Amino acid sequence: MTVNGSRWSGDVPARQTLCDFLRDELELTGTHVGCEQGACGACTILGDGEAVRSCLMLAVQADGMELTTIEGMGEPGNLSTLQAAFLRHRAFQCGFCTPGFLASAAEILGSGRRYSRRELRDMLSGNVCRCTGYEPIVEAVFECQR
Amino acid sequence: MKPPPFEYHRPETLDEALAIMAEHGDQAMPLAGGQSLIPLLAMRLVRPGRIVDLSRVGELQQVSVAEGRVSIGAMARQRDIEHDPRMPGLVRVAVPHIGHFQIRNRGTVGGSLSHMDPAAEWPAIALALDAVMVAASVRGRRDITADAFMIGPQMTSLEPEELLVEVVLPMRTEGFGFAEVTRRGLGDFALAGAACQDKAVVVFGVGLRPQRLRVVEDFLNRGGGTRAEISAVAASEIQATDAIHTSSHYRRVVAAALVGAVIEESQARGGVA
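Residues numbered from 1 in each chain as written. Chains lettered and ligands numbered in written order. Predicted model: local features only at pLDDT ≥ 70, side-chain atom pairs only at ≥ 80, totals over all residues. Heavy atoms only, no water.

Colleague: So what about the sheet that holds strand 11 (residues 176-182) of chain B? Which residues, and what values?
Modeller: Residues and elements named next belong to chain B. Strand order in the open sheet formed by four strands is 11-12-13-14, with antiparallel pairing between adjacent strands. Each having just a single partner strand, strand 11 and strand 14 (211-212) make up the two edges of the open sheet. In this sheet, strand 13 (residues 200-204) lies alongside strand 12 (residues 190-197) in antiparallel orientation, the contact comprising five bridges. Across the sheet, the residue bridging to Cys-196 is Val-201, located in strand 13. Contacts from helix 7 (residues 121-128) reach strand 11, strand 12, strand 13 and strand 14, with the element oriented near 160° to strand 13. (Pairing = 2+ DSSP bridges. Helix = DSSP H or I, 4+ residues; strand = E, 2+ residues; numbered from the N terminus. Contact = heavy atoms within 4.5 Å. Axes fitted to C-alpha atoms, helices over the stretch in contact; angles between N-to-C directions.)

Set out below in structure tokens:
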């Protein structure tokens, strides 16, 4: 598989979930593990450009896939457009949900379609944030559509 | 690691998959999109000896249209179905309610049907459209009616060595209606829902499996009535059970109201009800 542009190959235990593999084996701890049943969205990453729950995949299922985690989206001093918009709008407080939101938003923005705030609110409802009340998150994603 | 240990198989062809299922029977569980099975594994609510990952079986991902029927391979993803203009109208309006888009990116039609969550959309769609479920094993194929397929929560009439390989739906682009009530927007589980295609009426998320409302259908066939009258007939027929967030009374009342709404919606879409 390819993770953030780097090739990785090796054996994994069949029962290891993808989020545990990313965190424990690759030490990419920016992928956060919340509910571990697909509801909270914290562990969302990009798999072949699509937002997927890394807690709802076995690592072995990612064989051959191209994965992007938060570590592959930008870095301090060189934030992605979306990350910069999140910062400008103060679209996070504790930050636990943020990597998942950024992955979901990356697929939404990648479609090239322009959505209304109402539509974005629906589309972002697959990620749970307990701090912000969502307003600044929706604003940040909305702004990046321009 | 939260899931229990298991042997992992990843067949490339259907024949190979069926051979594994035949050899290991009820020790083997097929893995489709994993959006329900992986949490069940993580919570150790299931402990299969073997997991048979069907993601590389290309022949199960096919979608075809012929003679007024749409055949959907069991491993077709919700995402692909959602954006496929060849789908029946009821499918197009119902599929966006399945989980969130991240779930639809991985979840499959056959996985949802085989998992048989009573609150899920696909069993209700299948029942309303009189879908034919095609099951396969090394011994051959058989057709199962949607009604005979679904037994109860996580229970279908599939034999341990059988796989659901295809769902066949009539191509209907008019006369459908769909509605559900959730706690939190589009992607949440339905607390109660209703679907109809012409005079076929289904409620879901209210009991142990989706229910065809035959009394309501007879009422419609005899000429029907007002929306309130239809809902009243539905309320007396719906078999609701209590659930963690809802009482059986709530589910019956809400589902009955939704039945009235979806029938009105289907009539507005040129239905014959």
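Once the structure has been displayed, the description carries forward.
Colleague: So what's going on with the domain arrangement of chain B? Residues and values would help.
Modeller: Residue and element names in this part refer to chain B. If you check the domain split of chain B, you get domain 1 (7-53), domain 2 (58-170) and domain 3 (176-268). The distance between the C-alpha centroids of domain 1 and domain 2 comes to 18 Å. Each partner contributes residues to the interface: domain 1 has 16 residues there, and domain 2 has 20 residues. Summed over the three residues of domain 1 that lose the most area to domain 2, namely Leu-14, Leu-18 and Gln-35, the buried surface amounts to 41% of that side. (Domains from an automatic or database assignment. Buried area = accessible area lost by both parts, 1.4 Å probe.)

Colleague: Could you give an account of the packing of helix 2 (residues 81-88) of chain A against helix 3 (residues 98-110) of chain A, naming the residues involved and the relevant values?
Modeller: Residue and element names in this part refer to chain A. Contact geometry for helix 2 and helix 3: axes closest at 10 Å, N-to-C directions at 125°. Between helix 2 and helix 3, the angle falls in the class oblique. Regarding helix 2 and helix 3, the two cross each other, and that crossing is right-handed. Contacts between helix 2 and helix 3 involve Leu-82, Gln-83 and Phe-86 from the first element and Thr-98, Phe-101, Leu-102, Ala-105, Ala-106 and Leu-109 from the second. Here the contact of helix 2 with helix 3 is built from residues that sort into seven nonpolar, two polar and no charged. (Parallel < 35°, antiparallel > 145°, perpendicular 65-115°, else oblique. Left-handed = near helix turned anticlockwise from the far one by under 90°. Nonpolar A, V, L, I, M, F, W, Y, C, P; charged D, E, K, R; others polar.)

Colleague: How would you sum up the layout of surface pockets? Please name residues and give values.
Modeller: The volume enclosed by the second largest pocket comes to roughly 550 Å³. As for the second largest pocket, its lining consists of 19 residues, of which Tyr-115 and Met-123 of chain A together with Glu-82, His-83 and Arg-104 of chain B are closest to the centre. Elements with a contribution of two residues or more to the lining of the second largest pocket: helix 3 and helix 4 (117-123) of chain A together with helix 3 (78-82) and helix 5 (101-104) of chain B. It is helix 4 of chain A that provides the largest number of residues to the lining of the second largest pocket, a total of three residues. Tallied by class, residues from the lining of the second largest pocket come to six nonpolar, six polar and seven charged. (1 Å grid on protein atoms, 1.4 Å probe; cavity = no way out; pocket = protein on both sides within 12 Å on 5 of 7 lines; lining within 4 Å. Points joined across faces, edges and corners; volume = space filled by probe spheres on them.)

Colleague: Tell me about the domain arrangement of chain A, residues and numbers included.
Modeller: Residue and element names in this part refer to chain A. Partitioning chain A into structural domains gives domain 1 (2-72) and domain 2 (81-144). A C-alpha centroid distance of 20 Å is found between domain 1 and domain 2. In this assembly, 16 residues from domain 1 lie in contact with 13 residues from domain 2. Its largest share of buried area at the contact with domain 2, domain 1 owes to His-32, Thr-44 and Ile-70, together 38% of the area lost on that side. Between domain 1 and domain 2 we count zero salt bridges in total. Along the contact surface separating domain 1 from domain 2 lie five residue pairs in polar contact (both at pLDDT 80 or more). (Salt bridge = Lys/Arg side-chain N within 4 Å of Asp/Glu carboxyl O. Polar contact = N/O pair within 3.5 Å; in protein donor to acceptor, adjacent residues only side chain to side chain.)

Colleague: Report on the packing of aromatic side chains, specifying residues and quantitative values.
Modeller: Residues and elements named next belong to chain A. Taken as a whole and assessed by the stated rule, the structure comprises three aromatic pairs over all chains. With a centroid separation of 4.8 Å and an interplanar angle of 70°, the aromatic rings of Trp-8 and Phe-21 are classed as edge-to-face. Taken together, the residues Trp-8 in the loop between strand 2 (6-7) and helix 1 (18-25) and Phe-21 in helix 1 connect sequence positions 13 residues apart. Assessed through its relative accessible area of 0%, Phe-21 is described here as buried. Positioned above the aromatic ring of Phe-142 is the side chain of Arg-114, whose terminal nitrogen or guanidinium carbon lies 6.0 Å from the ring centre. (Phe/Tyr/Trp six-rings, centres within 6.5 Å; stacked < 30°, edge-to-face > 60°. Buried < 20%, exposed > 50% of the residue type's maximum accessible area, 1.4 Å probe, protein only. Lys NZ or Arg CZ within 6 Å of the ring centre and 35° of its normal.)

Colleague: If you had to explain the interface of chain A and chain B to someone new, which residues and values would you point to?
Modeller: At the junction of the two partners, chain A supplies 31 residues and chain B supplies 29 residues. Across the chain A to chain B interface the summed buried area is about 2600 Å²; carbon plus sulfur atoms make up 55%. Its largest share of buried area at the contact with chain B, chain A owes to Arg-15, Leu-56 and Gln-61 of chain A, together 27% of the area lost on that side. Summed over the shared surface of chain A and chain B, the result is five salt bridges. For Glu-107 of chain A, the salt bridge goes to Arg-79 of chain B, with nearest N and O atoms at 2.8 Å.

Colleague: Lay out the nonpolar core with the relevant residues and their values.
Modeller: Core analysis: the largest hydrophobic core is formed by 38 residues, its most contacted members being Ile-72, Ile-81, Val-91, Leu-113, Trp-122 and Met-133 of chain B. Sorting elements by how many residues they give to this core places helix 7 of chain B first, with six residues. Formed by 27 residues, the second largest nonpolar core is a distinct cluster that contains Cys-97, Phe-101, Ala-103 and Phe-142 of chain A. (Core = buried A, V, L, I, M, F, W, Y, C linked by side-chain atoms within 4.5 Å.)

Colleague: Hey, could you go over the state of the cysteines for me, with residue numbers and the actual values?
Modeller: All names here are of chain A. A full pass over the atoms with the stated rule returns zero disulfides over all chains. With no disulfide of its own, Cys-35 lies 3.9 Å from the sulfur of Cys-40, the closest cysteine sulfur. On the basis of relative accessible area, Cys-35 is assigned to the partly exposed category, the value being 27%. With no disulfide of its own, Cys-43 has Cys-55 as its nearest cysteine by sulfur position, at a separation of 3.7 Å. Residue Cys-43 is classed as buried on the basis of its relative accessible area, which comes to 4%. (Disulfide = S-S within 2.5 Å.)

Colleague: Describe the pairing of strand 6 (residues 132-137) of chain B, with residues and values.
Modeller: All names here are of chain B. Burial analysis of strand 6 places five of its six residues in the buried class, the great majority of the element. In this antiparallel pair of consecutive strands, strand 6 and strand 7 (residues 140-145), the connection spans two residues. Where strand 6 meets strand 10 (residues 163-170), five bridges bridge the pair, whose relative direction is antiparallel. By the bridge assignment for strand 10, Ala-135 is matched with Leu-164.

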